[in-house]
Amino acid sequence: MYAQSDKTLTCADCSQEFVFSASEQQFYADRQFSEPRRCPSCRASRKASRGDSSRGGGYASSGYSGGGHSSGYDRAPREMFTATCSSCGREAQVPFRPTGDKPVYCSDCFQSHRRSY
Ligand SMILES: [Zn+2]
Ligand SMILES: [Zn+2]
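Quantities reported herein were computed from a predicted structural model and do not represent experimental measurements.

Draft legend 1. Here's a closer look at the overall build of the chain. Looking only at helices and strands, the chain features 3 helices and 4 strands. Start at the N end of the chain and walk to the C end: the helices and strands fall as β-β-α-α-β-β-α. Long-range contacts, defined here as pairs at least 24 residues apart, represent 18% of the contacts in the chain between residues at least 6 apart. Per element, the accessible surface of the chain, about 10,100 Å² overall, is 48% carbon and sulfur.

As structure tokens, this is what we get:
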């Protein structure tokens, strides 16, 4: 790539000539911008009058919170034992080993027994 030289361009707004410097040309070429059509002062005033709404903004930090944090340890799936419900005779899954000393209720009967108290 040969060394670029400054260019003189004519402003589309005020018709004044302005220098499009070699470094600016490189800057524009890097970003694949087309050549500026206005002098720096006109560009600045246009930018100011437009309020520069095209840029800025960006991502507002959304309220992402890390969700419910787990309580200390990972609970392993509880071991369940199969028993026969003392109330309805259906198969019941209970979280303890049925001993036969105590009646075992399926979840339905357990709920209704609890409710009846
Ligand atoms: Zn101008
Ligand atoms: Zn039952």
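Draft legend 2. Broad picture of the coordination of the zinc ion (ligand 2). Binding of the zinc ion (ligand 2) to the protein goes through Cys85 (SG), Cys88 (SG), Cys106 (SG) and Cys109 (SG), at separations of 2.2 to 2.3 Å. The site at the zinc ion (ligand 2) holds 4 donor atoms, and with the angles between them running 105 to 115°, its shape is tetrahedral. The sequence pattern describing where the donors of the zinc ion (ligand 2) fall on their chain is C-x2-C-x17-C-x2-C. The same class applies to Cys106 and to Cys109, which are both buried.

Draft legend 3. Molecular detail of the coordination of the zinc ion (ligand 1). Summarising the metal site, the zinc ion (ligand 1) is bound by the protein donors Cys11 (SG), Cys14 (SG), Cys39 (SG) and Cys42 (SG), whose distances to it range over 2.2 to 2.3 Å. One can describe the donor arrangement at the zinc ion (ligand 1) as tetrahedral, given that its 4 donor atoms subtend angles of 103 to 118° at the metal. In the primary sequence, the donor residues of the zinc ion (ligand 1) line up as C-x2-C-x24-C-x2-C. Residue classification places Cys11 among the buried residues on the basis of a relative accessible area of 3%. Overall, the relative accessible area of 32% leaves Cys14 in the partly exposed class.

Draft legend 4. Inspection of the pairing of strand E1 (residues 7-10) at higher detail. With 4 bridges connecting them, E1 and strand E2 (residues 17-20) associate as antiparallel partners. Note that in E2 the partner of Thr8 across the bridge is Val19. The turn joining E1 and E2, which pair antiparallel and follow one another in sequence, is formed by 6 residues; a positive phi near 60° is taken by Ser15.

Draft legend 5. Structural view of helix H1 (residues 22-30). Along H1, the residues that are buried comprise Ala22, Gln25 and Tyr28. For H1, the angular spread of the buried residues around the axis is 120°, confining them to a single face. Residues of H1 that are exposed and angled more than 90 degrees away from the buried face: Ser23 and Asp30. Looking at the buried positions of H1, the neighbouring elements they touch are E1, E2 and helix H2 (40-50). Of the residues flanking the end of H1, it is Gln32, one or two places downstream, whose phi is positive at about 55°.

Parameters at a glance
- Residues numbered from 1 in each chain as written.
- Chains lettered and ligands numbered in written order.
- Predicted model: local features only at pLDDT ≥ 70, side-chain atom pairs only at ≥ 80, totals over all residues.
- Heavy atoms only, no water.
- Helix = DSSP H or I, 4+ residues; strand = E, 2+ residues; numbered from the N terminus.
- Contact = heavy atoms within 4.5 Å.
- Areas by Shrake-Rupley, 256 points an atom, 1.4 Å probe, with all protein chains shown as cover.
- Donors = N, O, S within 2.8 Å, 3.2 Å for Na, K, Ca; no water.
- Tetrahedral: all angles 85-135°; square planar, octahedral: opposite > 155°, others 65-115°.
- Buried < 20%, exposed > 50% of the residue type's maximum accessible area, 1.4 Å probe, protein only.
- Pairing = 2+ DSSP bridges.
- Arc of directions from axis to C-beta.

Function cannot be read off these values alone, since they describe shape.
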